[in-house]
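Structural description and commentary
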Amino acid sequence: MQISGLRYGSKLFDLVEFPYAKNLSGGATKEDIEELMKPTGKIVVKPYFAGGVGKKGKAGLVRIAKSVDEALKAKEDLYFATHKHGNKSIKANGVVFEEFVPTDSDMEIYFSITDSTSIRKAIFTLAIEGGVDIEDLPAEKKAIIPIDPLIGIKSFDITNALNDLGCPEQYVSPLVQHLPKLWDLYDNYGVSTLELNPIRMKQNGKSYLPVACDLKAAFDQDNPDYKRIGLPQSIFIGETTKFESEINKLRTYQGQSDVVEMNPKGSIIPFMFGGGANSAATETLGTKAIFASDFGGNPPYEKMYEISKIVFNHFYDHASVILIIGGKANNTDIYVTFKGVFDALRDHIAVNGKKPIYTVIGRGGPNLIQGMFYAKDILDTLKLPYKMFGYDTSMIQTLEYAKRIDDYWLKEGREIYTKNYM
Amino acid sequence: MKHISSKPFPYYVGIYSLEELINKDTRVCVINILGSESKKVTPVSHEYSGGNIVAGVQYGRTGVLETKIGDIPVFKSIREVMRAGINFDTGVVYLPPTAVCQAVSELIQYNNNLKTIILVTEKISTKDSMMIRYMAQEASVDVIGANCLGVANVWDTIRVGGALGGDKPGETLKKGSIAVHSNSGNFTTTISEYLRTSGFGVSSAVSSGKDIYIHFALPEFLFAAQNDPRTKAIALYVEPGGYYEKIALDMIRDRKFSFTKPIVVCVTGRWKKDLTRSVGHAGALAGGGDDALSKEKWFDEYFGVPVFNPDKPEVSKLGVRISSIQDFPKAMKAVYDKIDEKPDFESSGDLSLKLWLSDGFFKLPKDLDLPVVKALSPYDEQIKEINKHIGATYLRQNMRNKSGASRMDAKTQVTEIHGKTVLELSKLTIEEMVYFNIAKILPEKSQIDTINLLLNLLLKVDKEKMQAKEYAKQHGASPNAYLAAPLLTIGNNEYIKKTKRYSTMIINLIREHGIDEKTKEYPAEVIKFIEKEFFSKQAVEENPLGTYLLDHVKGTKTKNEAVLLAQFIIKLSEDKKSQIKDKFEFMLAALSLSLFWKPMLEKRISRETCEDALAYFYVIANLVAFSVIDKNKNKYWQELTQMKPSKSTESFTNNIFKILFNREPSDIELTELKYLIGLTLSNGPGTISAKGAKESVSAKNYIPTAFAGFMLNTGFAHGGNGFEAVDFLLQKFDKKTLKNPGDKNHSIDLENIATDTSKKYIEFKKNSKESGNLSYAKIPCINHPVFKGKDVNYDPREQFVSKELTDKGIYNVFLDFYHKLVISLFHEGATKNIFCVNVDAVISVIALKLLWNDYVNNKISDLDMQEIVFILFLLGRAVGVTSEIIDHRSRGTDMDCRTPQSELSFVL
């Protein structure tokens, strides 16, 4: 769950009264745009992406317009811009017009808060070269300072860091005044990463005001505090597919609802049990895996049934193989989980009809044989073929075998089955 | 700035050697010990560890957690544990995520001797993890987890925290020289299992968790493993996200501590590089440079050799990285060879494909076709044993106020039974409804004749039972009571016992000997058994019904294992000229199995339900027979209860009509009867009628007695105010002017009656209020507490039936009147909005219409009419309650309907 840009970022800044560039939505009138351009004669136009999308500047997706016409032209260009972000291409959903914040020097500030696995504490990172990838900056050009969780960001830590980085003196005091507020945002609203990049120093009378010109925030899904911000849930929807969001609705603290759709056109429905199995199996199955999942953690029957129901609704029709894979479970009741999966399969077929599909199982754990026989009885009744391996077979070999079954099924198995058993 | 630090770390680490992490001296307190997960896992840990859990906390409760080696005392809080003088050094937390931080604080605040906390919980917020780290560091306490399965010290057979090694830790965790550290709880066990196959045991295993904060991470683990004399090598499982591995390897390289033991590491999760959302492990999301590829590189550089190739094993003394966890045994063996060490024990197998179960029909090409092998012990024996099991199985639980059969939608008030609404079910024939309530699916068309055959034959009731009913009726018992009387005499009679016994034997033979459609030759022991149990050596009196059913079994179109075996037994008796012992009961069992075999195999119903199915048929059919108003005047009853096969496959619905109304039904009347029965099937498990049945099941009664339980829990209060509606309508309609309530051209001015009724009602209401009577009688069957409030109100159930009737061209003058009445009441100002006509009205108007002709012709009395309306309700509910009885018998526990003492109160 992430957001980027000021369209919703401004809502966060308002919570702690941190200054940010004024902005307008894509539907702004010419008059509104003119008004925003008045102080500087410039305006920044950025595409709006749902979720957290960075590196827009580098991708040439940020325009500085010097007239209303130029701004509108930029809007036209960027309205449906596509941005390659990670492994996904994301389409823009409109634009945002932002105040151009003038500064009397080229200096821009980078500031972020996150949790560091290196020192196992929250840290803030400060640099006086904004607008760049922080990872690319050499160590001496950035300050990484641990945060005391009880006190928050200490003003003197900021002062010392800015002095060490060579920040012009006139900017130090305004930054020391405003940056610590961001800890309140981080600490109280379920934020897991907060990045302001860049912050520009705007003259404000005789003094200066740090103005955030962009924001990227990630929220901790396990911390409900983010709901207090009141961000519309719809802005996160773009991050999940329909299948993912249906499964996510079943999310509880006991897990089992983490799925990522990998390749909806894949041919293996993989029920993975355990974080390790999730990692290893997704890697082994490659593009054959329709999704990556972790349904471990001893899911109750009702949940496993609901999850499976959703899975079959989405993917049963075109899949070749139902794969149930996991190591030797510690506390997941195999019988309960298999009952959930195969009851859902039976009920799906009862309503939607049977399609040829092969089942491969590799699993160990409590009530294993009861679970396997539950699956066996239902598959026998449905006259669907299957192979079941115990935990004395390598999980990876089972995965490789499932892939080979899938290849065969796609090549000729499905057809042979249809001819003889449908 | 002051930091508490120890050893080579800039932060606090209490453990010097892995041996210290947990061992024989460890004393544990588990928080939320009675929670669902802990309740299952903690006793296994306690027993495996020889009883090291000295206390548990369940907030606000005291008690014990029973284990095989003694009870663990449970206290209300950590403070209470300390006050009881119980000492412990390790706390385990099983709480939901939002409560974990508080529990850590509590453990630290009240126990100065605390050394370690193990956090099993997943999905703890990063903010809470940060605070936990802060508190634990300040208090000098080591934390394992969160989101982990704890720690095992195999040498001391101690496991603390979660369920490492599963429910049989001794099976997987064998004593040896490998220390395991894994980001995945499951892989901690799986890696130990894999290593075991090639002769490597475990010294200690740590499931580290894979949250963003890993409190006992690789640097401190390697440090402790190095100082552990039991450990010769390390097995690691690593996922993307976090710099823990880099820090550990940097510390070794920078000689912050000495580390000389080899590592075999598996890094997975390259595919997670581009994800923006976690799946599985919260902390397994890579940021800048901590993706899987980077981690592989860190280790490869450390080892100085490329990734392990099982075909060309090359390792260094520092170890090697493997690309898949299945390479752990081979790589570890290669590493041990390199350091001149021997495995811990003889290898006991390999990880090759070993097929335990396979379908027996689909031929795969040679390269994919694998032989089924004997599963490793004890699973081989379990497979043998469980092969005998068949049908659905349920977890036993307290079923008081719960049902797996029915539920009511609070919004529409429509009840569902097994996923179908009573509205949908109302469209079925009653025989289909009976079948559905047992089987949870609709019967196939080819099975309908058999269902009717069985139900119709079972209409036969003996004289004594009818006498019990008549006796009760003569003494003024209500219909529910006088129907319960003969039901109670059924007990567990010979019919029920014998058919069940034959069903059980047929299922056993099929399951134990793998009989199916491919069976050509029946094993000799099967034949021997059949001859002993099914055939009689003495002459058996010819039973014409048995012979009739035998022909039916021989000719049935249903083909399944039960039918095939029954047909084989018949053939065997013919070939050997042997006589079948209880021909009638055996054939009943065979036919009943033929009907319920598929839902049993599909795990929709339990084996017990399948075996008992005939008992449910028996009760329902008997109940219909008991329901006759006057058996002496009812020629249909006299014929139908004689068990004559001639008309035995006629529709059971038809026969119900004939028994109740003493005449042949028209098609329209049959449709109306189906609605009457269907709509009353169920109002959910909360109804006192259903409760009566459930409580009787809970007290462990026979099936017919459970039906009597339902009967005894119904009474005059039932049917909403439907009976009042009949009375109300009789006042409005004159039997002289209304000849046929189904004729639209009745020439009665309904609007005029409605207006007149409304005006009178306003007057009545006014007078009642003036006289101070605020609980004055209301017009029955209009308005409904759930559906009120809008300008025009509807009861969706009534709407559904009205539409169905209209679509079928079925008119009902009483319903028409009701619709006009609610509008008139509004127009005349009696109501503030247009009330709904509720579903009870529908039941009343249909019943009244069916009885009207006999009423007009004085064939039935007012009392008879009331009783028939009541009986219709009882029959419908009896069919529906079948599903509750089956459900409660399948899932419930003995006496589970008791009300806990805490919910009872004494009223003065």
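Residues numbered from 1 in each chain as written. Chains lettered and ligands numbered in written order. Predicted model: local features only at pLDDT ≥ 70, side-chain atom pairs only at ≥ 80, totals over all residues. Heavy atoms only, no water.

Some remarks on the nonpolar core
Counting residues in hydrophobic clusters, the biggest one holds 171 residues, and the most contacted among them are B:Ile530, B:Phe534, B:Leu565, B:Phe596, B:Phe617, B:Phe733 and B:Tyr818. Excluding anything up to four places from it in sequence, B:Ile530 contacts B:Leu509, B:Phe535, B:Leu565, B:Phe568, B:Ile569 and B:Leu572. Listed in part, the 163 residues of the second largest apolar core include A:Phe338, B:Leu173, B:Phe221 and B:Ile252. (Core = buried A, V, L, I, M, F, W, Y, C linked by side-chain atoms within 4.5 Å. Buried < 20%, exposed > 50% of the residue type's maximum accessible area, 1.4 Å probe, protein only. Contact = heavy atoms within 4.5 Å.)

Points about the pattern of salt bridges
Residues and elements named next belong to chain B. In this structure the tally under the stated criterion is 74 salt bridges over all chains. In this structure, Lys427 engages Glu804 in a salt bridge whose closest nitrogen and oxygen atoms are separated by 3.5 Å. Taken together, the residues Lys427 in the loop between α13 (422-425) and α14 (430-439) and Glu804 in helix α31 (residues 796-807) connect sequence positions 377 residues apart. With its nearest N and O atoms 3.6 Å apart, the salt bridge here joins Lys598 to Glu444. Taken together, the positions of Lys598 in helix α22 (residues 583-601) and Glu444 in the loop between α14 and α15 (448-457) put the pair 154 residues apart, joining distant regions of the chain. (Salt bridge = Lys/Arg side-chain N within 4 Å of Asp/Glu carboxyl O. Helix = DSSP H or I, 4+ residues; strand = E, 2+ residues; numbered from the N terminus.)

Points about the packing of helix α26 (residues 667-679) of chain B against helix α33 (residues 839-856) of chain B
All names here are of chain B. Axis separation between α26 and α33 bottoms out at 10 Å; the angle between their running directions is 145°. Both α26 and α33 take part in a crossing whose hand is left-handed. From α26, Ile668, Glu669, Glu672, Leu673, Tyr675, Leu676 and Leu679 reach across to α33, where they touch Val839, Val842, Ile843, Ile846, Ala847, Lys849 and Leu850. Residues that form the contact of α26 with α33 fall into these classes: eleven nonpolar, no polar and three charged. (Axes fitted to C-alpha atoms, helices over the stretch in contact; angles between N-to-C directions. Left-handed = near helix turned anticlockwise from the far one by under 90°. Nonpolar A, V, L, I, M, F, W, Y, C, P; charged D, E, K, R; others polar.)

A few points about the sheet that holds strand β2 (residues 23-25) of chain A
All names here are of chain A. Taken in spatial order, the four strands make up an open sheet running β2-β7-β3-β4, and their pairing is antiparallel. With one partner strand each, in any of the chains shown, β2 and β4 (63-65) form the two edges of the open sheet. With direction set aside, neighbouring strand axes in the sheet form an average angle of 25°. Sheet topology note: the strand β3 (residues 43-47)/strand β7 (residues 95-99) ladder contains five bridges and is antiparallel. Bridging across to β7, Val44 finds its partner in Glu98. (Pairing = 2+ DSSP bridges.)

Some points on the interface of chain A and chain B
The interface is formed by 95 residues belonging to chain A together with 99 residues belonging to chain B. Of the roughly 8600 Å² buried where chain A meets chain B, counting both sides, 57% is carbon and sulfur surface. Three residues, A:Arg120, A:Asn330 and A:Asp392, lead the burial of chain A against chain B; their summed loss comes to 11% of the area buried on that side. Among the salt bridges present, the one from A:Asp225 reaches B:Lys127, with a minimum N-O distance of 4.0 Å. At the surface where chain A touches chain B, the tally comes to 46 residue pairs in polar contact (both at pLDDT 80 or more). With 13 residues, helix α13 (residues 395-421) of chain A is the largest single contributor of residues to the side of chain A that touches chain B. A class-by-class count of the residues in the side of chain A that touches chain B yields 38 nonpolar, 31 polar and 26 charged. Summarising the sheet, strand β19 (residues 386-389) of chain A and strand β15 (residues 355-358) of chain B pair through three bridges and their orientation is antiparallel. Residue pairing in the sheet places A:Lys387 in a bridge with B:Ser358 of β15(B). (Buried area = accessible area lost by both parts, 1.4 Å probe. Polar contact = N/O pair within 3.5 Å; in protein donor to acceptor, adjacent residues only side chain to side chain.)

Remarks on the sheet that holds strand β11 (residues 202-207) of chain B
Residue and element names in this part refer to chain B. As summarised here, the arrangement of the seven strands in space is β9-β8-β11-β10-β12-β13-β14, forming an open sheet in which the pairing is mixed. The strands lining the two open edges of the sheet, one partner per strand, are β9 (158-160) and β14 (319-322). Ignoring which end each strand starts from, the neighbouring axes of this sheet average 15° apart. By the bridge criterion, five bridges tie strand β10 (residues 175-182) to β11 in an arrangement that is parallel. Within β11, the residue paired with His181 across the bridge is Val206. Packed onto the sheet, helix α7 (residues 185-197) meets β10, β11 and β12 (233-238) and runs at close to 150° relative to β10. Across the sheet, helix α10 (residues 292-303) is in contact with β12, β13 (263-267) and β14; its angle to β13 comes to roughly 160°.

Description of the packing of aromatic side chains
Inspection of every chain in the model, using the stated rule, returns 58 aromatic pairs over all chains. Aromatic pair B:Trp852 and B:Tyr855: ring centres 5.5 Å apart, planes at 50°, arrangement tilted. Placement of both B:Trp852 and B:Tyr855 in helix α33 is noted, with a separation of three residues, approximately one turn of the helix. B:Tyr855 carries the same exposure label as B:Trp852, and that label is buried. Grouping aromatic residues by their ring pairs yields a cluster made of B:Phe728, B:Phe733, B:Phe814, B:Phe817, B:Tyr818, B:Trp852 and B:Tyr855. For the cation-ring pair, A:Lys339 lies above A:Tyr301, with the distance from its terminal atom to the ring centre recorded as 4.9 Å. The ring of B:Tyr502 has B:Arg501 lying over it, and the distance from NZ or CZ to the ring centre is 5.8 Å. (Phe/Tyr/Trp six-rings, centres within 6.5 Å; stacked < 30°, edge-to-face > 60°. Lys NZ or Arg CZ within 6 Å of the ring centre and 35° of its normal.)

Comments concerning α7(B)
All names here are of chain B. The end-to-end C-alpha distance of α7 is 19 Å, a good match for the 18 Å that 13 residues give at a rise of 1.5 Å each. One side-chain oxygen at the N-terminal end of α7 lies 3.4 Å from the backbone nitrogen of Asn186; it belongs to Ser184. Count one or two residues on from α7 and you reach Gly199, which has phi positive near 95°. (Expected span 1.5 Å × (residues − 1).)

Details of the side chain of A:Lys376
Along the chain, A:Lys376 falls in helix α12 (residues 368-382). Those residues within four positions of A:Lys376 in sequence are excluded, and the remaining contacts are A:Tyr386, A:Met388 and B:Leu357.

Side note on the domain arrangement of chain A
Assigned domains within chain A: domain 1 (1-20 + 102-239), domain 2 (22-100) and domain 3 (241-421). Just the C-alpha atoms count here: the centres of domain 1 of chain A and domain 3 of chain A sit 44 Å apart. (Domains from an automatic or database assignment.)

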